[in-house]
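Working through the structure, step by step
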Amino acid sequence: MRRRTYQWLYPVVGFVFILAVWQAYVDWSQISKIVLPSPADIVRTSISRYDLLLRETWPTALESIYGFALAVLIGIPMAVAIANSRVLNLSLYPILIAMQSVPKVAVAPIILVWFGLGLQSKLAIAFLVAFFPIVVDTATGLRATPQGLLELARSLKASAWQTFWKVQFPAALPFVFSGAKVAITLAVIGAVIGEFVGSVQGLGNLLLSANSQLNSPLAWAALVWLSVLGIVLFAAVALLERLLIPWASTSSH
Amino acid sequence: MAAASRGQSQSAPEPFGTFRHVRKLFELPGRPDVVAIEDISFDLPDGKLVSLLGPSGCGKTTFLKIVGGLIPASGGIIQIGGTEVREPHEDFGMAFQQPNLMPWRTVLSNVLFPMEIRRESGQSVRRRAQELLNLVGLTEFENAYPSQLSGGMQQRAALCRALVHEPKLLLMDEPFGALDELTRMEMQDLLLEIRSRTEATTMLVTHSIAEAVYLSDIVVVFSKRPAVVADFFEVGLPYPRTTAMRYSPEFTALEHRAGRALGIIR
């Protein structure tokens, strides 16, 4: 019990140590702010320019969330189809794998041509990267239904519909969430890729423009805000997991 | 065929279940077929507890699943209540070696699962589930999740689930096999107590000689695979059974008989 209470201290201590070394190095070496701003510089900029950073956070957050939501809405039904139909499994799975091996950064310019500089193109790229883990993990989960539960359902003459909704799907939920947790962090990356390739707003866009103006502290501050955005979105999905399937976390501890 | 004739010689009313020359082979691609069950014939009298006793892998679980309609036989006659078994039946209840509780449902909700599948709900259904949980001593754990329960408690909840729809035939596949010895003996007494209140005919698979003799009206001993009936005998000890009976000469004699049928005592 004692051990667990203080567990969070370890990463904090490690993090503080790295920041201290970084700060000491910048102070000692008198390295240019453009090459490497100190942690203090980055924090100062994060706070002083917080209105700008916050304004640019919203578009990136929305692009990520919408792309993720679309990946869930399309990915889960597709996983259900794949898991329950041999034909669909055989025909769709190889296409999915092929799609996944196409580098999304390379596809981004094409998507920009299709959807323009606005929200839609970022949403599409975020969707593309978030889609795969959700489909694969959900399909895996649906196929991993414990044999005993399926046998129980059969002994009770449950219909296919009842077996799916009352047994297969709930049993797959932990897998769905582990896919969703990977997907949400990928969605943020997808949104930033989209912004890099072409956009007029967002944290990725801000990072690029600050960089081109040699305003490194602002670029680094944008990076920090991006990381925080990723962590917050991840935590939101993890929280949803704990609320929706509390049984899964109690059994794993 | 001694077993079959013994079953038929009882001039009792029509038996609840009839099994004649039941045979099962598994077809394996690229390999010769495996005969799991050679020839099983016996009668299942109404309201009795019958144990299928046999070595591991002898086909007794396969036989139980055939009776439950979960898998088809390769040949023979399997009749329950006068009709041929082809698929699972509403009047059957099954308990497996693993409790198979759904981790996302509370204990009460797990017990109510069969009723949900039959689209039956309401106060009386709920009350019946709660009575069963009370009978097995799980009232306080109604709203707990399976992961918060010990193995024995989970198996008790699974027993309630198998009984909640008042089945006419209760099929149990080594339900206490995964439990430690003391919990196992407790569960055996619990099963007998539940049985004294419900009339369900029960067929129980076990590989424990003592368990078969202690629980049953009738013991059917299966041979090694491919299974035939090696012996079929009535226990004849009165219910309620007590732990003291386990050490009586009659009990030991029956254990010896089963042991000889299994080929472990010569």
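Residues numbered from 1 in each chain as written. Chains lettered and ligands numbered in written order. Predicted model: local features only at pLDDT ≥ 70, side-chain atom pairs only at ≥ 80, totals over all residues.

Moving on, we come to the overall build of chain B. When its secondary structure is counted, chain B shows 9 helices and 10 strands. Since a compact globule built from 266 residues should have a radius of gyration of about 18 Å, the 19 Å found for chain B is in line with a globular shape. By its C-alpha atoms, chain B is 50 × 45 × 40 Å across when sized along the principal axes. When each of the 266 residues of chain B is scored for burial, the buried share is 43%. For chain B, long-range pairs separated by at least 24 residues make up 72% of all intrachain contacts whose partners lie at least 6 apart in sequence. (Helix = DSSP H or I, 4+ residues; strand = E, 2+ residues; numbered from the N terminus. Rg over C-alpha atoms; globule rule 2.2 N^0.38 Å. Buried ≥ 20, exposed ≤ 12 C-beta atoms within 10 Å, placed from the backbone. Contact = placed C-beta atoms within 7 Å.)

The subject of this paragraph is the interface of chain B and chain A. With 16 residues of chain B at the interface, the matching set in chain A holds 15 residues. Elements with a contribution of two residues or more to the side of chain B that touches chain A: strand 6 (92-95) and helix 4 (113-117) of chain B. When grouped by side-chain class, the residues that make up the side of chain B that touches chain A number 11 nonpolar, 4 polar and 1 charged. (Nonpolar A, V, L, I, M, F, W, Y, C, P; charged D, E, K, R; others polar.)

All names here are of chain B. Core analysis: the biggest nonpolar cluster contains 80 residues, and Cys 160, Val 220 and Ala 258 have the highest contact counts within it. Residue-level mapping places this core at the junction of two domains, with at least three residues from each of domain 1 (2-91 + 167-180 + 187-262) and domain 2 (99-166). In this view, Ala 258 contacts Leu 53, Ile 209, Ala 212, Val 213, Val 219, Val 221 and Asp 231; residues no more than four positions away in its chain are not counted. (Core = buried A, V, L, I, M, F, W, Y, C linked by C-beta atoms within 7 Å. Domains from an automatic or database assignment.)

All names here are of chain B. When its domains are assigned, chain B resolves into domain 1 (2-91 + 167-180 + 187-262) and domain 2 (99-166). The gap between the C-alpha centroids of domain 1 and domain 2 is 26 Å. The interface of domain 1 with domain 2 comprises 11 residues on the first partner and 12 residues on the second. At 3 residues, the largest contribution of residues to the side of domain 1 that touches domain 2 is made by helix 7 (residues 181-197). Broken down by class, the residue content of the side of domain 1 that touches domain 2 amounts to 9 nonpolar, 1 polar and 1 charged.

What follows is about the environment of Val 136 of chain B. Residue and element names in this part refer to chain B. Along the chain, the position of Val 136 falls in the loop between helix 5 (123-135) and helix 6 (151-163). Separated by 54 residues in sequence, Val 136 and Leu 190 place their C-alpha atoms 7.0 Å apart. If we ignore the near neighbours within four places in the chain, the residues touching Val 136 are Arg 156, Leu 159, Cys 160 and Leu 190.

Looking now at the packing of helix 4 (residues 50-84) of chain A against helix 11 (residues 216-244) of chain A. All names here are of chain A. Viewed as axis vectors pointing N to C, helix 4 and helix 11 meet at an angle of 45°, and their least axial separation amounts to 11 Å. Here helix 4 is positioned oblique relative to helix 11, judged by the angle of their axes. Read as a crossing pair, helix 4 and helix 11 show a hand that is right-handed. Across the interface between the two elements, Leu 53, Thr 57, Thr 60, Ala 61 and Ser 64 from helix 4 touch Ala 221, Ala 222, Trp 225, Leu 229 and Leu 233 from helix 11. Among the residues making up the contact of helix 4 with helix 11, the classes are represented as 7 nonpolar, 3 polar and no charged. (Axes fitted to C-alpha atoms, helices over the stretch in contact; angles between N-to-C directions. Parallel < 35°, antiparallel > 145°, perpendicular 65-115°, else oblique. Left-handed = near helix turned anticlockwise from the far one by under 90°.)

Residue and element names in this part refer to chain B. The buried fraction of strand 3 (residues 49-53) is high, at 5 of 5 residues. Judged by which residues are buried, strand 3 turns out to be covered on both faces: Leu 49, Ser 51 and Leu 53 on one side and Val 50 and Leu 52 on the other are all buried. Pairing of strand 3 with strand 9 (residues 218-222), which is carried by 4 bridges, proceeds in the parallel orientation. Its bridge partner lying in strand 9, Leu 53 is registered against Val 221. (Pairing = 2+ DSSP bridges.)

A few words on the sheet that holds strand 1 (residues 17-26) of chain B. Residue and element names in this part refer to chain B. The 10 strands are arranged 5-4-1-2-10-9-3-8-7-6 in an open sheet whose pairing can be described as mixed. Pairing within the sheet leaves two strands with one partner each, and these edge strands are strand 5 (83-84) and strand 6. Summarising the sheet, strand 9 and strand 10 (residues 227-234) pair through 5 bridges and their orientation is antiparallel. Paired with Ile 218 across the two strands is Glu 234, which belongs to strand 10. Sheet contacts for helix 6: strand 6 and strand 7 (169-173); angle to strand 6, the most-contacted strand, approximately 170°.

Turning to the environment of Phe 42 of chain B, a few remarks are in order. Residue and element names in this part refer to chain B. By the secondary structure assignment, Phe 42 is in strand 2 (residues 34-44). Overall, Phe 42 belongs to the buried group, with 22 C-beta atoms counted inside 10 Å. Considered as a pair, Phe 42 and Phe 232 are 190 residues apart in the sequence and their alpha carbons are 8.3 Å apart.

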